Every structure is written in structure tokens, then in C-alpha cells.
Amino acid sequence: MTLVLRSHMVTPQSAMRSRKLSPPAQAAFDSERMRDLVKFASKTLDTPAPIAFAAEIVNTKTGERLVRALNNVGKSKDPSLHAELRAVGIGCRKLGSFSLKGYTLYTTCEPCPMCMANAMWANLDRVVYGLTITEAAKFVRQIHIPATEVEARSDWRCKVDGPCEDQLCLTLFSHPNMMKAFRSWRTRKA
């Protein structure tokens, strides 16, 4: 994908390195990141443990990826191992800091209140999500508190943008193998 900024031809990555993006260029960059994240998550769909929830953290200015993660709740038997929490934890350890200021979180689904609060505790600049909580709830149980409400009721500021590429993210959640996994999650005993 190529963008025109001030009559110069640049890629979204080089535009991120050189200057702040215009709103249309930022939207194009966000879409590119989300499409790439969906591609990453889709690699799990034909495995015995498909995962629709994926997260990625990138440097807000350069667009360079810091980390990617998938939800690991089922495999680990730990309900806190959502993709967003895993990405934040790995990212913080990688940087040797509890702060991810200067970074943006991309996630295939709007963060639940736990994940959004964690993003704010980590001082992320932005959160960009794919599918909304309302849409995800058609497939799997959710806490119906939007990420924007969590942000609005806190002492931190973290820009929340979405939905982004929601129809593409929907393909993860509506994949037959993922639907089968969601059914097993609903009937699983503790």
C-alpha cells in the first residue's frame, strides 16, 4: 500500500518514521496492521486449538512491532491470559519497563474491561480494535462495558479507535472451527 503525503510517495511505515500521519493515512496504517494481525490469528484456525483473539503492540511513531500474542486462557487454564494482557506483559518485560508510553495496541476484538484497564495502567497511547464487544458477544460471553467507557471513567487518557476492519475480524470469530471451539468453551466445566 502506498500513500501520498505532501506530494511525496511513502509507505505507511516510512510515513510513521518521518512525521505524524494525517487522519486518512493513520486509518490506512491501522487497517494494514489489523489485516496483518488477522492473518497472524488465522493461522490457528485449522489447528486443534483455534484462537480468534490476537493482539499486537507497535511503536506509535515508527510503526515497528514490539510484540504479538494470542489468547492463552484455555491452554494455560488461566482466565487472565487474554491476548491483550499477554502482549502488554511481554512488551513490558522486553522493554524492561512497566510503561508502554509511545506504543499502540492493536487487537482483533474490543478489549474487555480487564484488558482496557491493563492497557491504561501500561500507559499505552492508543488502542485500536477490530470487532466490537457487542459483535463478539454473539459468539462468546463478554462483559458489556465498552473500552471507551473504561477510558472515560479513569484518571488516564488512552485514545480508543475502532472498529477497524471489523468484517475481516468477524471472519476469525465466524470460522467453523472457531465456532466449534466457542461452543466447547460455553459447556466446559471449571
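Placed above this text is the structure.
Anyway, here's the lowdown on the structure attached to this text. (Residues numbered from 1 in each chain as written. Predicted model: local features only at pLDDT ≥ 70, side-chain atom pairs only at ≥ 80, totals over all residues. Heavy atoms only, no water.)

**Remarks on the pairing of strand S6 (residues 126-131)**
Along S6, six of the six residues are buried, which leaves the element largely enclosed by surrounding structure. Looking at chain direction, strand S5 (residues 103-109) and S6 are connected through five bridges and run parallel. Counterpart to Thr-107 in the pairing with S6 is Tyr-129. Relative to strand S7 (residues 159-161), S6 is paired through three bridges, and the arrangement is parallel. Paired with Arg-126 across the two strands is Lys-159, which belongs to S7. (Buried < 20%, exposed > 50% of the residue type's maximum accessible area, 1.4 Å probe, protein only. Helix = DSSP H or I, 4+ residues; strand = E, 2+ residues; numbered from the N terminus. Pairing = 2+ DSSP bridges.)

**Examining unusual backbone geometry**
Along the chain, Gly-162 connects to Pro-163 via a cis peptide bond; the corresponding omega equals 0°. Turning to its location among the elements, Pro-163 is positioned in the loop between S7 and helix H8 (166-173). The backbone of Lys-77 sits at a positive phi, close to 60°, despite the residue not being glycine. Considering the arrangement of structural elements, one finds Lys-77 in the loop between helix H3 (73-76) and helix H4 (83-95). Overall, Lys-77 belongs to the exposed group, its relative accessible area being 68%. Located in the positive-phi region is Glu-165, a residue other than glycine, with phi close to 55°. With respect to the helices and strands, the residue Glu-165 is situated in the loop between S7 and H8.

**As for the packing of aromatic side chains**
Applying the stated criterion across every chain yields a total of six aromatic pairs. Ring centres 6.2 Å apart and planes at 45° place the aromatic pair Phe-139 and Phe-173 in the tilted group. Highlighted residues: Phe-139 in the loop between helix H6 (133-136) and helix H7 (147-152) and Phe-173 in helix H8, separated in sequence by 34 residues. With a relative accessible area of 12%, Phe-139 lands in the buried category. Here Phe-139 and Phe-182 contribute two aromatic rings whose centre-to-centre distance is 6.3 Å and whose plane-to-plane angle is 40°, an arrangement assigned as tilted. Placement of the pair is Phe-139 in the loop between H6 and H7 and Phe-182 in helix H9 (residues 176-187), with a sequence separation of 43 residues. In this pair, the class of Phe-139 matches that of Phe-182, namely buried. Through a chain of ring-to-ring contacts, three or more aromatic side chains come together here, namely Phe-53, Phe-139, Phe-173, Phe-182 and Trp-185. (Phe/Tyr/Trp six-rings, centres within 6.5 Å; stacked < 30°, edge-to-face > 60°.)

Geometry only, nothing functional implied.
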